[in-house]
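Next come the chains, spelled out residue by residue.
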Amino acid sequence: QVQLVESGGGLVQAGGSLRLSCEASGSSVEINVLGWWRQAPGKERELVAARSRSTVITYYADSVKGRFTISSDNTRNTVFLEMNSLKPEDTAVYYCAADMNWVVLRTTPQDVSYWGQGTQVTVSS
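This structure is a prediction, so every number in the text was calculated from the model and none was measured.

A. Highlighting the nonpolar core. Counting 29 residues, the largest nonpolar core has Leu4, Trp36, Val48, Phe68, Leu81, Met83 and Tyr94 as its most contacted members. Taken together, the elements giving at least two residues each to this core come down to β1 (2-7), β3 (18-26), β4 (33-39), β5 (46-52), β7 (68-73), β8 (78-83), β9 (92-99) and β11 (119-124). Not counting the four nearest positions on each side in its chain, Met83 is found in contact with Gly16, Ser17, Leu18, Leu20, Arg67, Phe68, Tyr94 and Val121.

This is the structure we're talking about:
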């Protein structure tokens, strides 16, 4: 079993920055891919960024490319999401996700093995 604990959300003005952290505890051998999904009120869940530990492949949604950076500290089993130039449309609950399978984490959230509790990010205009 794996537990994911997120931190770092909050309220920020447009143009500002936030850094989200997600620490994984438990059986880290069950994790190969870590990522961040988000869900805004009335909208579908959206994959923001993902990173594979084995291949160091990364993925970014077009809406965040050039503004967000996903990174990890494998010694601490922690993944980060550095968010710069934030926009009001980035407002959402951000969820850390973990799975062994790259395709699953990227495309089928209903099958993802582990989720964090979510952290609210609010960007004011």
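Still more to cover.
B. Spatial organisation of the sheet that holds β8. Spatial strand order, β1-β3-β8-β7: four strands in an open sheet with antiparallel pairing. A single partner strand is all that each edge strand has here, and the edge strands are β1 and β7. Sheet twist, expressed as the average angle between the axes of neighbouring strands with direction ignored, equals 15°. In this sheet, β8 lies alongside β3 in antiparallel orientation, the contact comprising six bridges. Following the sheet pairing, Cys22 is matched in β8 by Val79.

C. Structural detail: the side chain of Asn32. With respect to the helices and strands, Asn32 occurs in the loop between β3 and β4. Residue classification places Asn32 among the buried residues on the basis of a relative accessible area of 15%. A polar contact of 3.4 Å, which involves the side chain of Asn32, links it to the backbone oxygen of Met100. Setting aside residues up to four positions removed in sequence, Asn32 forms contacts with Arg51, Ser52, Arg53, Ser54, Asp99 and Met100.

Definitions and limits used
Residues numbered from 1 in each chain as written. Predicted model: local features only at pLDDT ≥ 70, side-chain atom pairs only at ≥ 80, totals over all residues. Heavy atoms only, no water. Core = buried A, V, L, I, M, F, W, Y, C linked by side-chain atoms within 4.5 Å. Buried < 20%, exposed > 50% of the residue type's maximum accessible area, 1.4 Å probe, protein only. Helix = DSSP H or I, 4+ residues; strand = E, 2+ residues; numbered from the N terminus. Contact = heavy atoms within 4.5 Å. Pairing = 2+ DSSP bridges. Axes fitted to C-alpha atoms, helices over the stretch in contact; angles between N-to-C directions. Polar contact = N/O pair within 3.5 Å; in protein donor to acceptor, adjacent residues only side chain to side chain.

All quantities given are derived from atomic positions and should not be read as evidence of function.
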